[in-house]
Amino acid sequence: MKDKIIYLDNSATTQMDEQVLNKMLPFFAVHYGNPSSIHSYGRETRIAVEGARKKISSLLGVKPNNIIFTSGGTESNNTAIHSVLRDLGCDHVITSKLEHHAVLHTVEYYAKEFGVDVSHVKLNEEGAIDQDDLLAILERKSSEGRKCLVTIMHANNETGQLIETKEVSDLCKRFGAIFHSDCVQTIGHYPLNLSVDGVHLASASAHKFHGPKGIGFLYVHEDLQISPLIHGCKHERGLRAGTENVACIIGMAEALDLFYQRFSKDHLYISELKQYLASLLRKHFPDIQINSGRFSLYSVLSVSFPKNEKTEMLLLQLDQKGICVSGGSASGGGASHVMEELGKTKDYVTIRFSFSRHNTKEELDKVIQALTEIVQPLEAKQITIVESTE
Ligand code: PLP
């Protein structure tokens, strides 16, 4: 019988919780009313959708009207950037070269199609943003009479590197800039209070925290008056047209609720898994580089192996051994722009291990065993050859 798959790609997506699924199921075939219908079937699902909005907003310390349901992190990022540039008078974007493509390519689109001016904040070797450089750009642009949109992710999906949102939001406040943060890797991973963190807009995606795919939300601070990216009927108070994805909205609220209930236990457990794998890797492969620094997600461990004929196909070989990991991000395809920016593509092969509460130390022992077979196989092979020719 084939060994059980070892899934260590939880930054790409997570297994949906059974409790979440059970909450969702009745909303497919039993409570299937359209929440915009005024009859009892519609009212029933409207109450469920608004209950989910209330639950999500109270967990995040904000008001229900601040939450717009979207199809996920990509749409939330697109909506945030589009609406701020169009509606709030921002004519300069400050971002980083390590953003997810959902931000990077959206900003590139506005730069190319509408001539929006863009600055990239300097980074240190771990990929942390240089606060002094951010301050200098904000100072320079505000002295030129420009209003800035600062869009910087809360945690990098490849290295796990985190930013201090409060520090960035304080800087933005000083210069009247709007601050959007892609929080897809942190909402449902840390018990955030968005009103304390001071972001104006934040993006989230349910499938990153054991919820369903194709659903997410955008938090928008109440002082911002924005209009929609997707036009149509007056759904989401006129801010996002399209019949609500009722079952997934219910599932997302349940998943976020479960996350808050489990956080202290899970956080400790997952952090230990990360430390355990990091120390085993350092011991068995002393020439690796660990890209997830001290201030990184407790669930991500990015490791670069020196590139050679044994490590070149590492990802594929681990997959053949039933171990699911990513090179950089799952959706990037090709060379990772993050690793390229950090100078880790030419001489290194990078593996991102990302954990969930479903992983175990026994699985990590098997990963080390598999890596040892792949990375140090020459001697083993030679022994086999000698034996077989006798
Ligand atoms: N932003 C970050 C940081 C991500 O990791 C992802 C997903 O990989 C996204 C945005 C896109 O989210 P979604 O898959 O919900 O569109």
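Calculation criteria
- Residues numbered from 1 in each chain as written.
- Predicted model: local features only at pLDDT ≥ 70, side-chain atom pairs only at ≥ 80, totals over all residues.
- Heavy atoms only, no water.
- Pairing = 2+ DSSP bridges.
- Helix = DSSP H or I, 4+ residues; strand = E, 2+ residues; numbered from the N terminus.
- Contact = heavy atoms within 4.5 Å.
- Axes fitted to C-alpha atoms, helices over the stretch in contact; angles between N-to-C directions.
- Expected span 1.5 Å × (residues − 1).
- Buried < 20%, exposed > 50% of the residue type's maximum accessible area, 1.4 Å probe, protein only.
- Arc of directions from axis to C-beta.
- Polar contact = N/O pair within 3.5 Å; in protein donor to acceptor, adjacent residues only side chain to side chain.
- pLDDT = per-residue confidence, 0-100.
- Parallel < 35°, antiparallel > 145°, perpendicular 65-115°, else oblique.
- Left-handed = near helix turned anticlockwise from the far one by under 90°.
- Nonpolar A, V, L, I, M, F, W, Y, C, P; charged D, E, K, R; others polar.
- Near = heavy atom within 4 Å.
- Areas by Shrake-Rupley, 256 points an atom, 1.4 Å probe, with all protein chains shown as cover.
- Disulfide = S-S within 2.5 Å.
- Core = buried A, V, L, I, M, F, W, Y, C linked by side-chain atoms within 4.5 Å.

Ordered in space as β9-β10-β12, the 3 strands form an open sheet in which the pairing is antiparallel. Two strands lie at the open edges of the sheet, namely β9 (289-290) and β12 (348-354), each paired on one side alone. For β9 and strand β10 (residues 300-306), the ladder comprises 2 bridges, and the chain directions are antiparallel. By the bridge assignment, I290 is partnered in β10 with V303. In the packing of helix α10 (residues 246-284) onto the sheet, the strands contacted are β9, β10 and β12, and the crossing angle to β10 comes to about 10°.

With that out of the way, let us pick up helix α6 (residues 131-143). When the terminal C-alpha atoms of α6 are compared, their 18 Å separation across 13 residues agrees well with the 18 Å that a helix rising 1.5 Å per residue should span. Within α6, the full set of buried residues consists of D133, L134, I137, L138 and K141. Buried residues in α6, looked at end-on, bunch into an arc of 135°, giving them a common side. Looking at α6, the residues exposed on the side facing more than 90 degrees away from the buried face are D132 and S143. Looking at the buried positions of α6, the neighbouring elements they touch are β3 (92-95), β4 (117-120), β5 (148-151) and α7 (165-174). Capping of α6 at its N-terminal end is provided by D130; its side-chain oxygen lies 2.9 Å from the backbone amide nitrogen of D132. Just downstream of α6 lies G145, where phi reads positive at about 80°.

What follows is about the confidence of the model for the chain. Averaged over every residue, the pLDDT of the chain is 93; residues scoring 70 or more account for 94%. Low pLDDT, under 50, characterises residues 379-390; the predicted model gives this stretch 0 contacts beyond four residues in sequence or across chains.

Our next topic: the pairing of β12. Buried residues dominate β12, accounting for 7 of its 7 residues. With burial as the criterion, each face of β12 is covered, one bearing Y348, T350, R352 and S354 and the other bearing V349, I351 and F353. Strand direction decides the pairing type here: β10 and β12, joined by 7 bridges, are antiparallel. Residue pairing in the sheet places S302 in a bridge with R352 of β12.

Turning our attention to the packing of α10 against helix α13 (residues 361-375). Running from N to C, α10 and α13 point in directions that differ by 25°, and their axes come no closer than 10 Å. Considering the angle they form, α10 stands roughly parallel to α13. Between α10 and α13 lies a crossing whose hand is right-handed. Facing α10, whose interface residues are L273, Y276, L277, L280, L281 and H284, α13 presents K361, L364, D365, I368 and L371. Grouping the constituent residues of the contact of α10 with α13 by class yields 8 nonpolar, 1 polar and 2 charged.

This paragraph deals with the packing of helix α4 (residues 73-87) against helix α5 (residues 101-114). With their axes 9 Å apart at the nearest point, α4 and α5 run at an angle of 30° to one another. Considered as vectors, α4 and α5 are oriented roughly parallel to each other. In this structure, α4 crosses over α5, and the sense of that crossing is right-handed. Of the residues in α5, those touching α4 at T74, N77, N78, I81, H82 and L85 are A102, V103, T106, V107 and Y110.

Attention now goes to the site of the ligand. Around the ligand sit 13 residues in total, of which T74, D182, Q185, S205 and K208 are the nearest. D182 has a polar side-chain atom sitting 2.6 Å from a nitrogen atom of the ligand. Side-chain polar atom of K208 to an oxygen atom of the ligand: 2.6 Å apart, as the coordinates give it. In isolation the ligand has 390 Å² of accessible area, and contact with the protein removes 86% of it.

A few words now on the state of the cysteines. According to the stated counting rule, one finds 0 disulfides in the structure shown. Free cysteine C148: the closest other cysteine sulfur is in C90, separated by 7.3 Å. C148 provides the cysteine sulfur closest to C172, a residue in no disulfide bond, and the two sulfurs are 8.4 Å apart.

A few words on the nonpolar core. The tendency in soluble globular proteins is for nonpolar side chains to be buried as a group. Judged by nonpolar contacts, the single largest core of 86 residues is most densely connected at V150, I187, L281 and F353. Per-element tally for this core: the top contributor is α10, with 18 residues. Apart from residues lying up to four places away in sequence, L281 is in contact with P286, I288, L301, V303, F305, F353, I368 and L371.

Of note in this structure, H210 is not a glycine but carries a positive phi near 65°. The class of H210 is buried, set by a relative accessible area of 13%. You will see that R237, though not glycine, has its phi angle at about 50°, which is positive. Note on placement: R237 falls in helix α9 (residues 235-238).

Among the secondary structure elements, L138 is positioned in helix α6. In sequence terms L138 and L149 are 11 residues apart; their C-alpha atoms lie 10.0 Å from each other. What L138 contacts, discounting residues up to four positions off in sequence, is I94, C148, V150, L171, C172, F175 and A177.

Here strand β8 (residues 216-220) lies mainly inside the structure; 5 of its 5 residues are buried. In β8, alternate side chains face the same way, and those of G216, L218 and V220 on one face and F217 and Y219 on the other are all buried. Note that strand β2 (residues 67-70) and β8 share 4 bridges and pair antiparallel. Within β8, the position partnered with F69 by the bridge is F217. In terms of strand pairing, strand β7 (residues 201-205) meets β8 through 5 bridges, oriented antiparallel. Bridge assignment links S203 to a residue of β8, and that residue is L218.

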